[in-house]
Amino acid sequence: MKNLVILGGGYGGMKILNELLPNHLPEDVTITLVDRVPYHCLKTEYYALAAGTISDKEIRVAFPEHPRLHMQYGEVTTIDTLGRKVILKDAEPLTYDDLIIGLGCEDKYHQVPGADEFTYSIQNIEKARLTYSVLNNLGPGSVVGIVGAGLSGVELASELSESREDLNIKLFDRGRHILSAFPERLSKYVENWFVRNNVEIINNSNITKVEEKRLYNHDLPIECDVIVWTAGIQANKIVRDMDGEKDRLGRMVITPLHHLPNDEHIFIVGDCASLPHAPSAQLAEGQAEQIVEVLMRRWKGEEPPASFPQIKLKGILGSLGKKHGFGMMADRPITGRVARLLKSGILWMYKWHNG
Ligand SMILES: Cc1cc2nc3c(=O)[nH]c(=O)nc-3n(C[C@H](O)[C@H](O)[C@H](O)COP(=O)(O)OP(=O)(O)OC[C@H]3O[C@@H](n4cnc5c(N)ncnc54)[C@H](O)[C@@H]3O)c2cc1C
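Residues numbered from 1 in each chain as written. Predicted model: local features only at pLDDT ≥ 70, side-chain atom pairs only at ≥ 80, totals over all residues. Heavy atoms only, no water.

> Give a description of the sheet that holds strand 11 (residues 143–147) that names residues and reports values.
Each strand in a sheet pairs with its neighbour through backbone hydrogen bonds, running either in the same direction (parallel) or in the opposite one (antiparallel). In space, the 4 strands of this open sheet follow the order 13-12-11-17, with parallel pairing throughout. Every other strand in the sheet has two partners, leaving strand 13 (199–202) and strand 17 (226–229) as the edge strands with one partner each. Between one strand axis and the next, the sheet turns by 20 degrees as a mean value, whatever way the strands run. The sheet contact formed by strand 11 and strand 12 (residues 168–172) spans 5 bridges and is parallel. Directly across from V143, in strand 12, lies its bridge partner N168. Helix 5 (residues 151–163) contacts strand 11, strand 12, strand 13 and strand 17 of the sheet and is inclined by roughly 170 degrees relative to strand 12. (Pairing = 2+ DSSP bridges. Helix = DSSP H or I, 4+ residues; strand = E, 2+ residues; numbered from the N terminus. Axes fitted to C-alpha atoms, helices over the stretch in contact; angles between N-to-C directions. Contact = heavy atoms within 4.5 Å.)

Below is the structure:
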């Protein structure tokens, strides 16, 4: 029997399972899925979990079941690529024939002193729950500072402003306009939404230090009851600590077939992989499909393709509370209720397809 070990049951890991099970897994291959969480988590919705507008249960999806799928719940601590072993915190090491690493990402604090210690996060389920708890236990009039107005910062600020109209939300962003990766027209639409909904945007900010309940913008102190960091991501530390070439986000440089240049049995999927696109769930899923094709061909004794066409991304959609949204679909800006409906529809479809 060959053992395929998948680290991380996020969007990349889950897509690989869904492509291989139930019909495509050769009789002589078993899969071991390792995750610290016993279900697939819908990370794209962590902003709503933190804001208190959806329940925890709504963003959990059961992993698939299959006689040759073994679930290993637990914490990966290191990967011994020479010994072909995955080291786990409280369990025996796992050996693999093929390994897929899809452990996602973590916050990147850009060396801002105190940011790691004194800010809350929505980058993993445990942290998003903690953020939910502190945000929703705040008294009326409390000040919430959200650092970083990319997609996740904007979604959190807008959702929280609808969830807790009594809070004073300040959204700090480095740029002249928020959502710097989007066309200016979209940024202005979102800024106007925030003005109407009493979220204060602080453009051209530079957070130089964070202390308990205080952040410094250009070295000027601003008191906050809770500070949430949404100002950048990097690959999971386990990947950052691996030998091999990485990009500035600590993501592994991979070949066009998504494996390490010096080891064709170690694939990297999702936010851990260095790709010419911004990390996203869609990208992780597109990559997962291609990885499955490589594995299937190899298992049949066939040569995998030399390369794949570029992964097609359909666009990106963001929410502004429950009724409005924004995004880019087929390179065209889209705003308002239609954008929000589309986003809800995509989430509904994802849950439906995943059980
Ligand atoms: C608020 C927010 C909104 C977003 N909105 C969108 C969107 O609208 N569209 C979009 O395409 N993308 C969106 N993204 C990005 C998207 O969520 C990620 O790109 C996607 O989750 C990456 O998938 P992945 O498989 O690489 O990792 P993940 O989905 O993060 O999964 C990683 C898995 O690894 C497990 N894990 C991590 N470390 C360990 C360990 N040491 N041991 C064991 N298990 C471990 C985790 O439990 C998790 O299950 C959003 C992200 C956020 C935070």
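> Could you give an account of the site of the ligand, with specific residues and numbers?
Within the structure, the ligand sits among 33 residues, and G12, D35, V76, D271 and A281 are positioned closest to it. Between R36 and the ligand, the recorded distance is 3.2 Å, taken from a backbone N or O atom to a nitrogen atom. At 3.3 Å, a backbone N or O of Q282 approaches an oxygen atom of the ligand. When the ligand is considered free in solution it has 1000 Å² of accessible area, and contact with the protein chains removes 91% of it. Counting residues per element, the ones that place at least two in the shell around the ligand are helix 1 (11–20), helix 5, helix 8 (281–299) and strand 23 (315–320). Residue composition of the shell around the ligand, grouped by class: 12 nonpolar, 14 polar and 7 charged. (Near = heavy atom within 4 Å. Polar contact = N/O pair within 3.5 Å; in protein donor to acceptor, adjacent residues only side chain to side chain. Areas by Shrake-Rupley, 256 points an atom, 1.4 Å probe, with all protein chains shown as cover. Nonpolar A, V, L, I, M, F, W, Y, C, P; charged D, E, K, R; others polar.)

> Report on the side chain of S187, specifying residues and quantitative values.
Secondary-structure assignment places S187 in helix 6 (residues 184–196). Relative accessible area serves as the criterion here: at 1%, S187 is assigned to the buried category. Polar side-chain contacts of S187 include one of 3.3 Å to the backbone oxygen of L179. Aside from chain neighbours lying at most four places away, what touches S187 is H177, I178, L179 and F182. (Buried < 20%, exposed > 50% of the residue type's maximum accessible area, 1.4 Å probe, protein only.)

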